[in-house]
Amino acid sequence: MNILVIVELYFHKNKSGGEAYLHHFLKKVKQHTNANIEVLLPKQKEDKRYEYEGIIVNETIDSVEECEGYVEKADCVVTQLLLSGKVIDMALEKDKEIIWILHGYFAGFHKLMKHDRVIKIFNSRNVLIDFSTKSNEKINNYFIIYPFTDFPLLSQYKDKELDRREYISFVNPVKNKGTELMLKLAKRNSDKKFLIVEGGYCKEEQQQYITRFRELSNVHIIKNTKDIINEIYLKSKIVIMPSHYESYGMVASEARCFGIPVIINKKTKGLVENMGQLCL
C-alpha cells in the first residue's frame, strides 16, 4: 500500500504539537502495516528527498498542483492544516482514499465534512465539537485519536534530578498561548526564575514577545529544542499554560508524566479534556 502525505510543514522542520501528532501517527501506521509512506512538502526552499525516522520526505515539488502525479499513484492520501482543501479536492477527483488529520478548528473547511470518503481523525473531542457546532454539515466517518505521549519513557524521569528543577516554564510565546499574562507574572515575581521556550510556529510574533522577556533579569529563554527532557522538563518545577486555545495541549500531558504541576486556563476546553480528573 502506498500512502502519500501532502502537508506544508513536517515535524523535524517545525517542532510543534500538530506536526508531532502527524509524525507519530505515520510512524504507528508504518509499524503496524507494510505501507510505503512518502511526505510531500510543496513550496520549500530546499530541493531534496530523504528519510526521517523511517518516513520518506520529499521537498522536490514547487506547488500543490505538481503533487497531482503523486496522487495518481497513491492508494491513500493524508493531509492536514491549510493545504487540506486543495489536497482533498484533488484526491476526491481521482477517487482516492483520504485521511484528514484535524488537530484544530479552521473556518472554511466545513464543506469537506460531508464527504463519506474522507476519513476524519480528530485529536480530541473538543475539536470535533468545534466543527460540529460551527458547521451545518453532518460529520460522519470519523475517529478521535488522542496525541501520542510516551508515558513509560517520560515517567521514568519523574523523581530524577529534582534539585535542577528551578524554573516556572512556559512554551511558545504567542498571543493565543496567554503570553501577556506570563509577562505580567514574570514582572511581578522578580524573585522567581522563568523559562521561556520558543515554539514551532509564528516566529515573527514570538520574537516581539521574546524581546520583551529579554528585558527581565529573572527570565531565561531557549530556542525550540529536540532535547525536551533535559532542556525543559528536568529544569521545570511548574509548567503554566494560560492558553486561550489548545486543541489538546501535549505539553500538559508530557509535564504531568514528570510529576510537574501544570497550571492551565480552565476555560480552554482542549486542556480540560486532556487533564481530565487531574484538572482542579
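Our subject is the structure listed above.
Residues numbered from 1 in each chain as written. Predicted model: local features only at pLDDT ≥ 70, side-chain atom pairs only at ≥ 80, totals over all residues. Heavy atoms only, no water.

With that settled, the discussion passes to unusual backbone geometry. Phi angles above zero are rare outside glycine, and Glu161 is one such case at about 50 degrees. In this structure Glu161 comes out as partly exposed when scored by relative accessible area, which is 36%. The backbone of Asn172 sits at a positive phi, close to 75 degrees, despite the residue not being glycine. Looking at where Asn172 falls in the secondary structure, it is placed in the loop between β9 (167-171) and α6 (179-188). (Buried < 20%, exposed > 50% of the residue type's maximum accessible area, 1.4 Å probe, protein only. Helix = DSSP H or I, 4+ residues; strand = E, 2+ residues; numbered from the N terminus.)

Turning our eyes to something else, we now look at the pattern of salt bridges. Applying the stated criterion to the full structure yields 13 salt bridges. Across the pair Asp130 and Lys134 runs a salt bridge whose closest N-O atoms are separated by 3.8 Å. Taken together, the residues span about one helical turn, with Asp130 and Lys134 both in helix α4 (residues 125-134) at a distance of four residues. What emerges from the salt-bridge pattern is a single network uniting Glu68, Glu72 and Lys94. (Salt bridge = Lys/Arg side-chain N within 4 Å of Asp/Glu carboxyl O.)

With that out of the way, let us pick up the packing of aromatic side chains. Considering all chains together, one arrives at seven aromatic pairs under this definition. Ring geometry for Tyr146 versus Tyr248: centroids 5.5 Å apart, planes at 40 degrees, classification tilted. Here the residue Tyr146 occupies a position in the loop between β8 (142-144) and α5 (151-155), and Tyr248 occupies one in the loop between β12 (236-241) and α9 (250-257), the gap between them amounting to 102 residues. Given a relative accessible area of 42%, Tyr146 falls into the partly exposed group. Connected via pairs of aromatic rings, a cluster forms that spans Trp100, Tyr105, Phe122, Phe131 and Tyr142. A cation over an aromatic ring shows up here: Lys134 above the ring of Tyr105, its NZ or CZ 4.3 Å from the ring centre. (Phe/Tyr/Trp six-rings, centres within 6.5 Å; stacked < 30°, edge-to-face > 60°. Lys NZ or Arg CZ within 6 Å of the ring centre and 35° of its normal.)

Strand order in the open sheet formed by five strands is β11-β10-β9-β12-β13, and the pairing between neighbours is parallel. Looking along the sheet, the strands with just one partner apiece sit at the ends: β11 (219-222) and β13 (262-264). Neighbour to neighbour, the strand axes of the sheet diverge by 25 degrees on average, direction disregarded. Relative to β12, β9 is paired through three bridges, and the arrangement is parallel. Bridged to Tyr167 within β12 is Ser236. (Pairing = 2+ DSSP bridges. Axes fitted to C-alpha atoms, helices over the stretch in contact; angles between N-to-C directions.)

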